[in-house]
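# A look at the structure
The lines below spell out each chain.
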Amino acid sequence: MKRVTIKVKVTNLEELEKRMKDINLEFEPTLYQHDRVYVQRGFRRGMNLPRLIMRTEMSSVDKPAVYKLILKRHIEDSGIEITDRSVIRDYTEIVNMLHQLGFILISEVSRRRKRIKLSDLSRIYLDKIDKLNDYYLKIETALDDGDKVSEVMSDLKRTLKLFNLDKEDVSQKSYFEILQENDIIDAK
């Protein structure tokens, strides 16, 4: 699925939550996610190569975890991110396959995520990354066949203004890159 995503660091969480409440947006219960990020040998940002993510997701301790394999491929010059995901049953077997295919584990990221489903195509996420004091707001929209990336990105930036977030604070970096940049984790 092709998506356009915008992510921004939240500087005032209380103000953001108030603005969302004022326009009747309410988050679903918190999800706990742990991602193990795999890349091909020689991976570098800007090469349009895929990342594979093994995600463990829990909604509460009394419910079983859900395991997902997620492919993400950011096409730098287009602003599009290709994302495909599938629920898996045997986590260990899939990780073994990734290693056999030559993918290497480069990072692990844990977070608490709240989500709002705006439509069948659009979601808002509020992420609290473990080991960081910061929150990040992420808005994703899946592209329909006739959508223009520039128009969708403009809409997403206008949405940021609703929450008093500055489009100048938009980050294109993944969470594992943000953690590495802050010297919180090293590449595996």
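Residues numbered from 1 in each chain as written. Predicted model: local features only at pLDDT ≥ 70, side-chain atom pairs only at ≥ 80, totals over all residues. Heavy atoms only, no water.

## Let's talk about helix 2 (residues 91-100)
All buried positions along helix 2 are accounted for by Tyr-91, Ile-94, Val-95 and Leu-98. Here the buried residues of helix 2 occupy an arc of 100° about the axis, which is enough to place them on one side. For helix 2, the exposed residues set more than 90 degrees away from the buried face come down to Thr-92 and Gln-100. Among the structural elements, strand 2 (31-40), strand 3 (51-58), strand 4 (66-75), strand 5 (80-88) and strand 6 (103-117) are those in contact with the buried residues of helix 2. Phi turns positive, to about 95°, at Gly-102, one or two residues after helix 2. (Buried < 20%, exposed > 50% of the residue type's maximum accessible area, 1.4 Å probe, protein only. Helix = DSSP H or I, 4+ residues; strand = E, 2+ residues; numbered from the N terminus. Arc of directions from axis to C-beta. Contact = heavy atoms within 4.5 Å.)

## Looking at the layout of surface pockets
Taken as a whole, the largest pocket spans an internal volume of roughly 500 Å³. Lining the largest pocket are 32 residues, and of these Lys-7, Arg-51, Glu-81, Lys-173 and Ser-174 sit closest to its centre. When residues of the lining of the largest pocket are traced back to their parent elements, those giving at least two are strand 1 (2-10), strand 2, strand 3, strand 4, strand 6 and helix 4 (175-181). Of the voids in this model, the second largest pocket is the one considered here, and its volume is about 280 Å³. The wall of the second largest pocket is formed by 19 residues, among which Arg-3, Arg-85, Arg-115, Arg-123 and Tyr-125 lie closest to the centre. Elements represented by at least two residues in the lining of the second largest pocket include exactly strand 2, strand 3, strand 4, strand 6, strand 7 (122-129) and strand 8 (135-142). (1 Å grid on protein atoms, 1.4 Å probe; cavity = no way out; pocket = protein on both sides within 12 Å on 5 of 7 lines; lining within 4 Å. Points joined across faces, edges and corners; volume = space filled by probe spheres on them.)

## Some words on the pattern of salt bridges
In this structure the tally under the stated criterion is 15 salt bridges. The salt bridge involving Arg-19 is made with Glu-15; its shortest N-O contact spans 3.2 Å. With a gap of four residues between them, Arg-19 and Glu-15 both fall in helix 1 (residues 13-22), about one helical turn apart. For Asp-22, the salt bridge identified is with Lys-18, shortest N-O distance 3.0 Å. Remark: Lys-18 and Asp-22 occur in helix 1; sequence separation between them is four residues, near one turn of the helix. Per residue, the accessibility class of Asp-22 equals that of Lys-18, and both read exposed. Look at the salt bridges and you will find they share partners, linking Arg-3, Lys-138 and Glu-140 into a network. (Salt bridge = Lys/Arg side-chain N within 4 Å of Asp/Glu carboxyl O.)

## Some details on the pairing of strand 6
Relative to strand 6, strand 2 runs antiparallel, the two being bridged by 10 bridges. Across the sheet, Tyr-38 pairs through a bridge with Leu-105, a residue of strand 6. The sheet contact formed by strand 6 and strand 7 spans seven bridges and is antiparallel. Bridge assignment links Arg-113 to a residue of strand 7, and that residue is Asp-127. What sits between the antiparallel neighbours strand 6 and strand 7 is a turn of four residues. (Pairing = 2+ DSSP bridges.)

## Remarks on the environment of Gln-180
Structurally, the position occupied by Gln-180 is in helix 4. Distance in space between the C-alpha atoms of Gln-180 and Ser-107 is 8.9 Å, their sequence separation being 73 residues.

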